[in-house]
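Observations on the model geometry
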Amino acid sequence: MSQVLSLLETDAEPAAVSAPAPASRSAWVEIDVARLRTNFRLIREDLPPHVGLAPVVKDNAYGHGALTVARAAIEVGARFFAVNTLEEADELRRAGFRTPLLLLGERHPDELPACVAHGWRVCVGELAIARELSRLATEAGRTVPVHLKLDTGMGRFGVRWDELAAMLPELLRLPHLDWEGVASHFAMSDEADKTFALLQLERYQASLQNLIEAGIRPRFQHLCNSGGVLDLPAAHFNLVRPGILALGVFPSRVCRRLPGIAPVMSVKARLVSVRRLQPGDPCGYGLRYHAPTPRRIGIVPVGYGDGFPRLRNAGEALVRGRRAPLIGSVAMDAFAVDLTDVPEAQLWDEVVLQGRQGGEEITAQDLARWKGSVSYDILVGWRARLPRVRVG
Ligand SMILES: *Cc1c(COP(=O)(O)O)cnc(C)c1O
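Fair warning: this is a prediction, and the values are worked out from it, not measured in the lab. (Residues numbered from 1 in each chain as written. Predicted model: local features only at pLDDT ≥ 70, side-chain atom pairs only at ≥ 80, totals over all residues. Heavy atoms only, no water.)

Thoughts on the side chain of lysine 268
Just so we agree on the cut-off: A run of H or I in DSSP counts as a helix once it spans at least four residues, and a run of E counts as a strand once it spans at least two, with each numbered from the N terminus. By the criterion applied in these results, polar contacts are pairs of N or O atoms within 3.5 Å in which, for protein atoms, one can donate a hydrogen and the other can accept it, and in which residues neighboring in sequence qualify only through two side-chain atoms. Should any heavy atoms of two residues lie within 4.5 Å, those residues are counted as being in contact.
In this fold, lysine 268 is placed in strand E11 (residues 265–270). Here glutamate 30 takes part through its side chain, which lies 3.0 Å from a polar atom of the side chain of lysine 268. When residues no more than four places from it in sequence are discounted, the contact partners of lysine 268 are Ala27, Trp28, Glu30, Glu350, Val351 and Val352.

This is the structure in structure tokens:
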């Protein structure tokens, strides 16, 4: 842990500048802070007042900058910030946030002393972890707030809903633990078929009943990710954990739309070379593309080393408000686009890899489709090698 903390000291969030012109590289990630704040406001206004927000800012807020997103979330009165690792919690702590931190996922016993010392809320899904937390709390002479994690069907973490009743007497006997929250997680909240989500909700409600019968009523009851926030109001209880929605990306194509929500992240670059190919000329590694006719192409200085998917003759980028197809295979540091149908394109033109330009937009979902993945993977995939620039 101490090694990790000293690493963090030199590894702070990259300094973001407020002007839109980044000097360090011809490729960058833009984070629109005004949009982020609007998204949080729209989510807040969409929820009944008794439902609190626990924004999920794990993995550097899906690559958007945990501190940037946490700052915006504070304006709508976040009750908790949810993260996944101790390093993520420590970044927020060191930045001076007072909002309590909720650690999602499972913990190793070695992680617990730091959690107790800093008051980070652990999600407890194992008896052994509850026992160790209780021991540490007793040793420190304090009561430690914890959240009981229930497995209602996700099958990863937490106490199985059908084993809770049997385990409760032992859990509740442990001294110096304050069962502040009870959590579970949806496996399928954002798809059209809500059958399984509703089954999970039913199991969660039965578990709450078990807790109440055992004499405890956790102050925070939370089950909803973004899909649940949008589509399962019966599961809101009094706390929700949206992640991707605040970033302006809907968790799926079929979930409810919240009007006004728009993407916070754009990924941009400049054309660093514009050149001609004669018929038959190849372009790039492996000669995966040969010009069928005379072509005018542009080179974009972004590759899989930046988190761009390793596509081959697939995908598009925006140049002068038009969709230019990718040609050849994406390399570590660069890829090529066909500019033949964008004759006005010039060296140093701005290229949009994710986001809007003119009337066109390339969404995280578009990139996910080309990659054969999900939008979450695209958002977190943009590496720190691309400077983050805050705008708005
Ligand atoms: C990541 C995560 C969330 C947020 O999910 P989104 O789909 O991004 O809203 C909520 N709860 C838990 C337990 C998570 O791991």
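Read on, since the account is not over.
Some remarks on the site of the ligand
Definition in use: One heavy atom within 4 Å of a molecule or strand makes the whole residue count as near it. We get accessible surface area from the Shrake-Rupley algorithm with a probe of 1.4 Å; when it comes to residues, only the shown protein chains can shield them. Three classes are used: nonpolar for Ala, Val, Leu, Ile, Met, Phe, Trp, Tyr, Cys and Pro, charged for Asp, Glu, Lys and Arg, and polar for all others, with Gly counted as polar.
What surrounds the ligand is the set Val56, Lys58, Tyr62, Leu104, His185, Asn225, Ser226, Arg241, Pro242, Gly243, Ile244 and Tyr376. In the model, an oxygen atom of the ligand is placed 2.5 Å from a nitrogen or oxygen of the serine 226 side chain. Within the side chain of tyrosine 376, a nitrogen or oxygen atom sits 2.6 Å from an oxygen atom of the ligand. When the ligand is considered free in solution it has 390 Å² of accessible area, and contact with the protein chains removes 92% of it. Residues of the shell around the ligand, tallied by class, amount to six nonpolar, four polar and two charged.

Some remarks on a nonpolar patch on the surface
What counts here: Patch rule: a residue counts if its relative accessible area is over 30% and it has no salt bridge; like charges are joined within 9 Å, and nonpolar side chains (Val, Leu, Ile, Met, Phe, Trp, Tyr) within 5 Å. A carboxyl oxygen of Asp or Glu within 4 Å of a side-chain nitrogen of Lys or Arg is what we treat as a salt bridge.
A cluster of nonpolar side chains, Val272, Leu347 and Trp348, forms an exposed patch at the surface whose accessible area comes to about 270 Å². By secondary structure assignment, the location of leucine 347 is in the loop between strand E16 (335–338) and strand E17 (350–357).

Some words on the environment of leucine 379
Tracing the chain through its elements places leucine 379 in helix H12 (residues 375–381). Sequence-wise, leucine 379 and alanine 192 are 187 residues apart; in three dimensions their C-alpha atoms are separated by 23 Å. Sequence-distant contacts of leucine 379, defined by excluding residues within four places in its chain, comprise Tyr62, Gly63, His64, Ile244, Val249, Met265, Gln354 and Ala364.

Notes on helix H5 (residues 86–94)
Each full turn of the α-helix corresponds to 3.6 residues, which orients residues three or four apart in the same direction. Let me state the cut-off plainly: Exposure is judged per residue with a 1.4 Å probe applied to protein chains only, and the accessible area is read against the type maximum: over 50% gives exposed, under 20% gives buried, and values in between give partly exposed.
Every buried residue belonging to H5 is among Leu86, Glu88, Ala89, Asp90, Glu91 and Leu92, and all of these are buried. Positive phi shows up at glycine 96, right after H5, with a value of about 90°.

Points about the pattern of salt bridges
In this structure the tally under the stated criterion is 28 salt bridges. Ionic pairing is found between arginine 135 and glutamate 139, a salt bridge with its closest N-O pair at 3.0 Å. Taken as a pair, arginine 135 and glutamate 139 lie in helix H7 (residues 127–140) at a separation of four residues, close to a single helical turn. Notably, a salt bridge pairs arginine 295 with aspartate 338, separated by 2.8 Å at the nearest N-O pair. Of this pair, arginine 295 sits in strand E13 (residues 295–300) while aspartate 338 sits in strand E16, placing them 43 residues apart in sequence. We classify aspartate 338 as buried; its relative accessible area is 9%. Among the charged side chains, a network of salt bridges with common partners joins Glu316, Arg323, Glu360, Asp366 and Arg369.

A closer look at the packing of aromatic side chains
Keep this limit in mind: Stacked, edge-to-face and tilted are the three classes for Phe, Tyr and Trp ring pairs, Trp counted by its six-membered ring, which pair at centre distances within 6.5 Å; planes under 30 degrees apart are stacked, over 60 edge-to-face, the rest tilted.
One pass over the full model with this rule turns up six aromatic pairs. When the ring of phenylalanine 80 is compared with that of phenylalanine 220, the centres are 4.9 Å apart and the planes differ by 85°; the resulting orientation is edge-to-face. In this pair, phenylalanine 80 is assigned in the loop between helix H4 (66–74) and strand E3 (81–83) and phenylalanine 220 in strand E9 (residues 220–224), connecting sequence segments 140 residues apart. Comparing phenylalanine 80 with phenylalanine 220, the two get one shared label, buried. Seen in terms of ring centroids, phenylalanine 308 and tryptophan 382 are 6.0 Å apart; in terms of plane orientation they differ by 50°. Their pairing is tilted. Separated by 74 residues along the polypeptide, phenylalanine 308 in the loop between E13 and strand E14 (316–319) and tryptophan 382 in the loop between H12 and strand E19 (388–391) bring together distant segments of the chain.

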